[in-house]
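In case you want the letters, here they are:
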Amino acid sequence: MKSTFFRLPPSTHVFHMESDRLIPGQILYSDMHTSVLRTTNGSYTTDVFDFRAIDRINIWDFTQASEYEIVFAAQNIDCLRIYNRLQGTVYKLAGSCDDMGFRDGTDALFYGPHTVVQDNQIPCLFYVTDSLNKSLRMVTKSHIPHVTTLLTSNNKLYSHLTQEPEGRYLYITYIEGLERYDLAKNTSLDIVSKSTRYTNDALMYDGAIVHLEGIILYRHLVIIADRGRQILFVVDLTNNTTSTICTGVEGHRAGNDSFCQLSYPKTLLELNGDIYIGELGNISVLRGTTYTHQSEH
C-alpha cells in the first residue's frame, strides 16, 4: 500500500531526503521552495537551518558527510558548501560561489551543480552532477579540495545519481534517460533512453519518458521518479525491462502500485525495505512488502 508518511504544507516541494544521521528514526529533507532544511519523525517537523538567512544561498540537494557535516549544492551561486549542524556554521567546499564556469583543480568552477552524493567506500570523495556543464564531477575533500571531471556529454542535463552498495557503479539520471558510470574503468553505459537523440547504443529505449529525477537502487531494480508523468519508473537490470508504479494521474491517493497517485515526485529514499517518495506537499511511502506487481512495457 502507498500511504501518507507526513502531510507537509501545500507549498513544500521535497527536493532531497535522507535518513537523519544525527537523529535516528527521522528523515532529513530540503524544501526547494523555501531553502529550509528540516527533519521530521512523521508527526512533527523541526527546522534544522534556514539557508535564506545567508545572503544569496539556496539549498536544494545535500548529503550528510557525518552526523554533523552536511555538504550541499548551492545551485544559484554555482558552488558546494558545508553546513555544520553542531556549530551552526556554513563554509565553502568547492567552486567559486562568485563565478560560474567549467574548470577542474583546486580553483574549480561549477555551472549549476545539482546533486551531490558521498562515496560509500571512500568518505573523502563526493560526486556531483554539474547540470549546466552537462558533466559528472568528483570532489576530493581535503585541506585543499580538488575537483576532477569524470564524464561529459554534449546534450545530457545530468540530474540525480546514486551509488551501488559495492561502490563500483554510479547510476545517473538525465532528463530523458539513465546512464551507468563505471568508476573502476572510467567508462559509461546508457541503460535506457527516450530516443537516439541522446545515444545510439542504449540497452533499452522508452519513448514515454518525460522528466526523470530522483533515483534509488532497490533489490535488482533501479527506481526513478518521473516528475513529468507523476509516476515511478522502474528498470529491471536482470531482465532489461521497464515498468511503472502508480497511475500517472496527479494527486495523493493510497493504494497498491497500480492504483496509487503521486504529485510531482522529486526524490526517493529506500529505508528498511520501504520506498519513501518526496512530492509536492507530501512524503509518501510504498511499503516494500506489498510491492509485488510490475506492468512490463
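Residues numbered from 1 in each chain as written. Predicted model: local features only at pLDDT ≥ 70, side-chain atom pairs only at ≥ 80, totals over all residues. Heavy atoms only, no water.

(A) How the structure looks around the state of the cysteines. Inspection of the entire model under this criterion finds two disulfides. The side chain of cysteine 79 participates in a disulfide bridge whose partner is cysteine 97; the two sulfur atoms lie 2.0 Å from each other. Judged by the torsion about the S-S bond (95°), the cysteine 79/cysteine 97 disulfide is right-handed. Separated by 18 residues along the polypeptide, cysteine 79 in strand E8 (residues 79-84) and cysteine 97 in the loop between strand E9 (89-94) and strand E10 (113-118) bring together distant segments of the chain. Residue cysteine 79 is classed as buried on the basis of its relative accessible area, which comes to 0%. (Disulfide = S-S within 2.5 Å. Helix = DSSP H or I, 4+ residues; strand = E, 2+ residues; numbered from the N terminus. Buried < 20%, exposed > 50% of the residue type's maximum accessible area, 1.4 Å probe, protein only.)

(B) Representation of the pairing of strand E22 (residues 241-245). Buried residues dominate E22, accounting for five of its five residues. Neither face of E22 is left uncovered, since the one carrying Thr241, Ser243 and Ile245 and the one carrying Thr242 and Thr244 both have all their residues buried. Examined bridge by bridge, strand E21 (residues 231-236) and E22 share five bridges and lie antiparallel to one another. Counted as the bridge partner of phenylalanine 233 is threonine 244 from E22. (Pairing = 2+ DSSP bridges.)

(C) Inspection of the pattern of salt bridges at higher detail. A full pass over the atoms with the stated rule returns 15 salt bridges. A salt bridge links glutamate 179 to lysine 156; the nearest nitrogen and oxygen atoms lie 3.0 Å apart. Taken together, the residues span a long stretch of sequence, with glutamate 179 in strand E16 (residues 177-182) and lysine 156 in the loop between strand E13 (146-152) and strand E14 (158-163) at a distance of 23 residues. Taking the relative accessible area as the measure of exposure, lysine 156 reaches 5% and is therefore buried. When salt bridges that share partners are traced, they join Asp31, Arg38 and Asp47 into one network. (Salt bridge = Lys/Arg side-chain N within 4 Å of Asp/Glu carboxyl O.)

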